[in-house]
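Residues per chain, in single letters:
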Amino acid sequence: MFPGGQPNMQQLLKQAQKMQQDLAKAQQELAETKLTGSAGGGLVEATVTGSGELVALTIAPAAVDPEDTETLADLVLAAVRDANAAAQKLQADRMGPLTQGLGGMGGGIPGLPF
């Protein structure tokens, strides 16, 4: 089972608490980080947080054609998807190392947010 006998429960608890603090810090950093995606050669830009929340949308006047709102909608979607892809990559880069070793724990540790 465990080399040398029973695990030190106090040590395990300290490790779990540190892991929870590290995860909370990483989540806070993600929420504060802003990433921008664009479409149409920069005609539409979307800014999201690292946690995926859309916080800004910029549309250049040249992208607005009252006769063709479908293209504008497509550009907006593409810019938001581009920004969200950057946010997902950042999430994987920041959170991956913190959650990597938890896969064999039956879906996580009760009380911890993962």
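Structure: see above.
Reading the values: the criteria
- Residues numbered from 1 in each chain as written.
- Predicted model: local features only at pLDDT ≥ 70, side-chain atom pairs only at ≥ 80, totals over all residues.
- Heavy atoms only, no water.
- Salt bridge = Lys/Arg side-chain N within 4 Å of Asp/Glu carboxyl O.
- Helix = DSSP H or I, 4+ residues; strand = E, 2+ residues; numbered from the N terminus.
- Buried < 20%, exposed > 50% of the residue type's maximum accessible area, 1.4 Å probe, protein only.
- Pairing = 2+ DSSP bridges.
- Axes fitted to C-alpha atoms, helices over the stretch in contact; angles between N-to-C directions.
- Contact = heavy atoms within 4.5 Å.

What is the right way to read the pattern of salt bridges from this model?
Between side chains of opposite charge, a pair can form when the charged atoms approach closely. This structure, assessed with the given rule, holds three salt bridges. Two residues, Lys 18 and Asp 22, come together in a salt bridge whose shortest N-O distance is 2.9 Å. With Lys 18 and Asp 22 both in helix α1 (residues 9-32) and four residues apart, this pair spans about one turn of that helix. Exposure remark for Lys 18: the relative accessible area of 48% places this residue in the partly exposed category. Its relative accessible area of 27% is what places Asp 22 among the partly exposed residues. For the salt bridge of Asp 93 with Lys 89, the shortest nitrogen-to-oxygen distance reads 2.9 Å. With Asp 93 and Lys 89 both in helix α2 (residues 69-99), this residue pair falls four residues apart, about one helical turn.

Explain the sheet that holds strand β1 (residues 34-39) here, please?
Each strand in a sheet pairs with its neighbour through backbone hydrogen bonds, running either in the same direction (parallel) or in the opposite one (antiparallel). With respect to topology, three strands assemble into an open sheet ordered β1-β2-β3, the strand pairing being antiparallel. The sheet terminates laterally at β1 and β3 (54-59), the two strands that pair on one side only. Neighbour-to-neighbour, the strand axes of this sheet turn through a mean angle of 15 degrees, independent of strand direction. Across five bridges, the pairing between strand β2 (residues 44-49) and β3 is antiparallel. Paired with Thr 47 across the two strands is Ala 56, which belongs to β3.

What am I meant to see in the environment of Thr 58 here?
Residue position: Thr 58 is located in strand β3. On the basis of relative accessibility, which here comes to 47%, the residue Thr 58 falls in the partly exposed class. A sequence separation of 20 residues divides Thr 58 from Ser 38, and the C-alpha atoms of the two residues are 9.3 Å apart. If near-sequence neighbours (up to four positions away) are discounted, Thr 58 is found in contact with Leu 43, Val 44 and Glu 45.

Quick question: what am I supposed to make of the side chain of Thr 49 here?
Looking at where Thr 49 falls in the secondary structure, it is placed in strand β2. What Thr 49 contacts, discounting residues up to four positions off in sequence, is Leu 30, Ala 31, Thr 33, Lys 34, Leu 35, Val 55 and Ala 87.

For this particular structure, what's the right way to read the pairing of β2?
On a regular strand, one side chain projects to one face of the sheet and the next to the other, so that they alternate. Judged by how many residues are buried, β2 sits mostly within the fold: five of six residues are covered. Here β1 pairs with β2 via six bridges, running antiparallel. Considered in β2, the bridge of Thr 36 is made with Thr 47. Here β1 folds back onto β2 in antiparallel fashion, the turn holding four residues, of which Gly 40 has a positive phi close to 65 degrees. Between β2 and β3, which pair antiparallel one after the other, the connecting turn spans four residues, and Gly 52 there sits at a positive phi close to 95 degrees.

In short, the description is geometric, and any link to function would need to be established separately.
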